Amino acid sequence: MNGEIEAVRNELRAAMPVAQNWAYFDHAAVAPVTAPAAAAMRTWIDQSLHEGDTMWPEWARQLKQVRQSAATLIGATPAEIALVPNTTAGINLVAEGLDWRAGDNVVTLADEYPSNLYPWMNLADHGVETRRVPTADGVVDYDQLAAHCDERTRIITVSWVAFSNGCRRDLNAIAEVAARKGTLLFVDAIQGLGAFPLDVSQTPIDFLAADGHKWMLGPEGAGIAYIRRDRLPLLTPIAVGAHSVVHAQDYAHIELKLKQDASRYEGGSLNVPGMLGLGASLDLLQSLGIDRVAASVLEISDHLVSELQQLGMRVISPRAGEQRSGIVSFEFPGADLLAVRRHCLEQRVALATRAGRIRVSPHAYNSHDDVAQLINALRSYQG
């Protein structure tokens, strides 16, 4: 392991109290929060407890900084960021906001997480078809993706990283397909943001959403949506509220004049403590450098794969070059996977089961000792 990876790992690990109690390999489900996130949320609670809403000017300033941190993370501008409760909310901004016509279609992948399928399938009553492109254990055939598009395809919607086995998709290749076919592009980025760099000023994505409770190490209920500035007029705002208008603080002035940035989608009250916690984790990750975080994630996942293979496990996740991610899926032949998970939890090892396989998802702070603890737990399982 090179010194830079070790430095990032140690610095992030120092901010992850969970590492004192668990070999935690379930970041693709729900991650533990960072110490800075917990501190930010505790501060909000104390301020709310003792000062009430007299703190709103300060909270508003901090929320502005969260929006800036989220924008910086993906190479966007703050005006293109909406603070949303979850990925599903961000997807529905687009699915429900586009002006659909009977006969239109959506092209997606067959192995998408349900949250990136159901909002599009729900458009069937409008005569919109959802086309699902098969993958080979998460690997996308970009020619096949293009072949599913036609002149009525309005949008391609894909997960950056497959939730079940961690295949990381080439967003530039998918954006090229979308441009060639004249369609919009939506990216569910929840399994990639925080672990891998993404710059929407270089990769032409139209819309993106991600909750913060996975690789961004924030709490549940606090996420981001990105709407490219010139795509804003394409979306009819849904869930409009008092905060959607340009005169949001003047409650006696009733005029439906919407903000001309992505914050128009924040119609009601935000999860302020959650957003401040997310912002603290984003600041920590960016202070480490997302490129360096990614290098640490890939080093530990590569090491984990090697150890699993030596144990005789069949790793399903693609491990070639840029397809690698922090998600590793493997088969444990003959084992009761739920019993394996229970046994691992008893050994203070957190992991998940997905699609008939065991899924482990280390972050940049996970150590080789954590991997050894996992391997020992698997070895000691008596099925």
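Structure: above.
Q: Give a description of the packing of aromatic side chains that names residues and reports values.
A: In this structure the tally under the stated criterion is five aromatic pairs. Summarising the aromatic geometry, the rings of Trp44 and Trp59 are spaced 5.4 Å apart at their centres and angled 40° between planes, so their arrangement reads as tilted. Of this pair, Trp44 sits in helix H2 (residues 35–51) while Trp59 sits in helix H3 (residues 56–74), and the two are 15 residues apart along the sequence. Each member of the pair, Trp44 as well as Trp59, carries the same accessibility label: buried. Ring geometry for Trp56 and Trp59: centres 5.7 Å apart, planes at 75°, overall edge-to-face. Remark: Trp59 and Trp56 occur in helix H3; sequence separation between them is three residues, near one turn of the helix. Residue class for Trp56 comes out partly exposed when judged on its relative accessible area of 39%. Through a chain of ring-to-ring contacts, three or more aromatic side chains come together here, namely Trp44, Trp56 and Trp59. Stacked on the ring of Trp100, the Lys or Arg Arg154 has its end atom at 5.4 Å from the ring centre.

Q: How would you explain the pairing of strand S8 (residues 223–227) if you had to name every residue and give the values?
A: In terms of burial, S8 is largely enclosed, as five of its five residues are buried. In S8, alternate side chains face the same way, and those of Gly223, Ala225 and Ile227 on one face and Ile224 and Tyr226 on the other are all buried. Bridge count between strand S2 (residues 81–84) and S8: four bridges; the pairing is antiparallel. Bridging across to S8, Leu83 finds its partner in Ile224. As judged from the five bridges shared by strand S7 (residues 207–211) and S8, these two strands associate in the antiparallel manner. By the bridge assignment, Ala209 is partnered in S8 with Ala225.

Q: Give me the sheet that holds strand S12 (residues 352–354): which residues, what numbers.
A: The four strands are arranged S9-S10-S13-S12 in an open sheet whose pairing can be described as antiparallel. Looking at the sheet topology across the chains shown, the edges are occupied by strand S9 (314–315) and S12. For S12 and strand S13 (residues 357–360), the ladder comprises three bridges, and the chain directions are antiparallel. If you follow Arg354 over to S13, its bridge partner there is Arg357. Relative to strand S10 (residues 328–331), helix H9 (residues 290–310) is tilted by about 5°, and along the sheet it contacts S9, S10 and S13.

Q: Summarise the packing of helix H1 (residues 3–14) against H9; cite the residues concerned and give the values.
A: It is the contact of H1 with H9, at a shortest axis distance of 9 Å, that shows an interaxial angle of 100°. Classified by the angle their axes make, H1 and H9 are roughly perpendicular. In this structure, H1 contributes Glu4, Ile5, Ala7, Val8 and Arg9 to the contact, and H9 contributes Arg292, Val293, Ala295, Ser296, Glu299 and Ile300. Looking at side-chain class alone, the contact of H1 with H9 contains six nonpolar, one polar and four charged residues.

Q: Talk me through the side chain of Ser367; I want residue IDs and the actual numbers.
A: Inspection of the secondary structure assignment puts Ser367 in the loop between S13 and helix H11 (368–379). Excluding residues that lie within four positions of it along the chain, Ser367 makes contacts with Arg9, Arg13 and Ile300.

Q: For the pattern of salt bridges, give the residues involved together with the corresponding values.
A: Throughout the structure, instances matching the rule amount to 22 salt bridges. Across the salt bridge formed by Asp150 and Arg131, the nearest N and O atoms sit 2.9 Å from each other. On the criterion of sequence distance, the pair formed by Asp150 in the loop between helix H6 (142–147) and strand S5 (153–159) and Arg131 in strand S4 (residues 129–133) is long-range, its members being 19 residues apart. The salt bridge partner of Glu176 is Arg180, with a shortest N-O separation of 3.0 Å.

Q: Describe in detail the environment of Leu282, supporting the description with residues and values.
A: Topologically, Leu282 is positioned in helix H8 (residues 272–288). The class for Leu282 is buried, based on a relative accessible area of 1%. Distance in space between the C-alpha atoms of Leu282 and Ile375 is 31 Å, their sequence separation being 93 residues. Not counting chain neighbours up to four residues away, the residues in contact with Leu282 comprise Ser69, Ala70, Leu73 and Met216.

Q: So what's going on with the sheet that holds S4? Which residues, and what values?
A: Here we have seven strands laid out as an open sheet, ordered S2-S8-S7-S6-S5-S3-S4, and mixed in their pairing. The strands lining the two open edges of the sheet, one partner per strand, are S2 and S4. Across the sheet, the mean angle from the axis of one strand to that of its neighbour is 20°, orientation sign disregarded. Two elements, strand S6 (residues 184–188) and S7, share three bridges in a ladder whose sense is parallel.

Q: Pulling in residues and values, what's your account of the packing of H3 against H8?
A: Where H3 contacts H8, the axes come no closer than 9 Å and their chain directions differ by 45°. Relative to H8, the element H3 is oriented oblique. Crossing angle aside, the handedness with which H3 passes H8 is left-handed. Contact residues: Trp56, Trp59, Gln62, Leu63, Val66, Ser69, Ala70, Thr72 and Leu73 in H3; Val272, Met275, Leu276, Gly279, Leu282, Asp283 and Gln286 in H8. Tallied by class, the residues present in the contact of H3 with H8 amount to 10 nonpolar, five polar and one charged.

Cut-off values and rules
Throughout this document, residue positions are counted from 1 along each chain, in the order its sequence is written. It should be noted that, the model being predicted, local features are given only for residues of pLDDT at least 70 and side-chain atom pairs only at 80 or more, the latter also being counted only at that level, while totals for whole chains, interfaces and linings use all residues. Computation of side-chain values covers all heavy atoms of the structure but excludes hydrogens and water. What counts as a ring pair is set by centres within 6.5 Å for rings of Phe, Tyr and Trp (its six-membered ring), and what kind of pair is set by the plane angle: stacked under 30 degrees, edge-to-face over 60, tilted for all other angles. Here a strand is any run of E in DSSP of at least two residues, a helix any run of H or I of at least four, and the numbering for each starts at the N terminus. Summary of the burial criterion: residues with accessible area below 20% of their type's maximum are buried, those above 50% are exposed, and those between are partly exposed, where the area comes from a 1.4 Å probe applied to protein chains only. Ring-over charges, as used throughout, are those where CZ of Arg or NZ of Lys falls within 6 Å of the ring centre and within 35 degrees of the ring normal. Here, a strand pair is defined by DSSP locating no fewer than two bridges between the strands. The contact criterion used throughout is that any non-hydrogen atoms of two residues lie within 4.5 Å. Angles run from 0 to 180 degrees between N-to-C directions of axes, and those axes are lines fitted to C-alpha atoms, restricted for helices to the stretch in contact. Throughout this description, any angle smaller than 35 degrees is read as roughly parallel, any larger than 145 degrees as roughly antiparallel, any in the 65 to 115 degree range as roughly perpendicular, and the remainder as oblique. Just so you know the grouping, Ala, Val, Leu, Ile, Met, Phe, Trp, Tyr, Cys and Pro go in nonpolar, Asp, Glu, Lys and Arg go in charged, and all remaining residues, Gly too, go in polar. We count a salt bridge whenever a side-chain nitrogen from Lys or Arg sits within 4 Å of a carboxyl oxygen from Asp or Glu. Left-handed is the label given to a crossing in which the near helix is rotated counterclockwise from the far helix by less than a right angle, and right-handed is the label when the rotation is clockwise.

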